[in-house]
Amino acid sequence: DTEAKKAVIEIEEKMTQESFFVCRMFFPVDNKSDDKSVLSHANNILQMLKRGADFSSIARQFSKSGDAKNGGMLGWIFDGQLSDAEMKALREMSVGSYKIVRNDRGYALLLLRD
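Remember, predicted model here, so these are calculated numbers, not experimental data.

A look at the overall build of the protein
- Counting its regular elements, the protein contains four helices and four strands.
- In sequence order, the secondary structure elements of the protein are arranged as α-β-α-α-β-α-β-β.
- Looking at the protein as a whole, 38% of its 114 residues qualify as buried.
- Residue pairs in contact within the protein that sit at least 24 positions apart in sequence constitute 59% of those at least 6 positions apart.
- With 17 positive and 17 negative side-chain charges, the protein shows a separation of 7 Å between the mean positions of the two kinds.

See below:
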């Protein structure tokens, strides 16, 4: 009963927070020398998406994150769940748009669905 009450309180708190429905592909940068090639790879994928490629299919094929098997679907994201750079980018994006963002581990290609 106590756990259920805590879950309800948490859900109610999140309902008032800013949230974003997000899909993401991630491309790690393991060595500084790889930064340019990883960014180039992410930009090539972004161009494929802009030409109409399916985000889910591309994510399953190219993303290096655990969410790749879900087609990059992260679902509803609340403040603090992604890097500061990614959260800032989401706030600046319009629904349906893509953006490549550098975080401390590599590049994230974001799709803001809602």
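Resuming the write-up.
Quick notes on the packing of helix 2 (residues 35–50) against helix 3 (residues 55–62)
- Here helix 2 crosses helix 3 at 155 degrees, and the two axes come no closer than 10 Å. Taken together, the axes of helix 2 and helix 3 lie roughly antiparallel to each other. For the pair helix 2 and helix 3, the crossing hand works out as right-handed. Residue-level contacts link His-41, Ile-45, Met-48 and Leu-49 of helix 2 to Phe-55, Ile-58 and Phe-62 of helix 3.
- Its residues assigned to classes, the contact of helix 2 with helix 3 shows six nonpolar, one polar and no charged.

Description of the side chain of Asp-35
- With respect to the helices and strands, the residue Asp-35 is situated in helix 2.
- Aside from chain neighbours lying at most four places away, what touches Asp-35 is Val-29, Arg-102 and Tyr-107.

Notes on the nonpolar core
- Met-25, Phe-27, Ile-45, Leu-49, Phe-55, Ile-100 and Leu-109 are the most contacted members of the largest nonpolar core, which totals 16 residues.
- Among the secondary structure elements, those contributing two or more residues to this core are strand 1 (19–28), helix 2, helix 3 and strand 4 (106–112).
- Per-element tally for this core: the top contributor is helix 2, with five residues.
- Residue contacts for Phe-27: discarding those within four places in its chain leaves Val-38, His-41, Ala-42, Ile-45, Phe-62, Ser-63, Gly-106, Tyr-107 and Leu-109.

Brief notes about the sheet that holds strand 3 (residues 98–102)
- Taking strand neighbours across the sheet as the criterion, the four strands line up as 2-1-4-3 in an open arrangement whose pairing is antiparallel. In this open sheet, the two edge strands, each paired with only one partner strand, are strand 2 (73–78) and strand 3. The sheet shows a mean angle of 35 degrees between the axes of neighbouring strands, direction not considered.
- Sheet strands in contact with helix 3 are strand 1, strand 3 and strand 4, and its direction is about 35 degrees off that of strand 1.

Rules and cut-offs
- Residues numbered from 1 in each chain as written.
- Predicted model: local features only at pLDDT ≥ 70, side-chain atom pairs only at ≥ 80, totals over all residues.
- Heavy atoms only, no water.
- Helix = DSSP H or I, 4+ residues; strand = E, 2+ residues; numbered from the N terminus.
- Buried < 20%, exposed > 50% of the residue type's maximum accessible area, 1.4 Å probe, protein only.
- Contact = heavy atoms within 4.5 Å.
- Lys, Arg positive; Asp, Glu negative; His and termini not counted.
- Charge placed at Lys NZ, Arg CZ, Asp CG, Glu CD.
- Axes fitted to C-alpha atoms, helices over the stretch in contact; angles between N-to-C directions.
- Parallel < 35°, antiparallel > 145°, perpendicular 65-115°, else oblique.
- Left-handed = near helix turned anticlockwise from the far one by under 90°.
- Nonpolar A, V, L, I, M, F, W, Y, C, P; charged D, E, K, R; others polar.
- Core = buried A, V, L, I, M, F, W, Y, C linked by side-chain atoms within 4.5 Å.
- Pairing = 2+ DSSP bridges.

These figures come from the coordinates and say nothing about function on their own.
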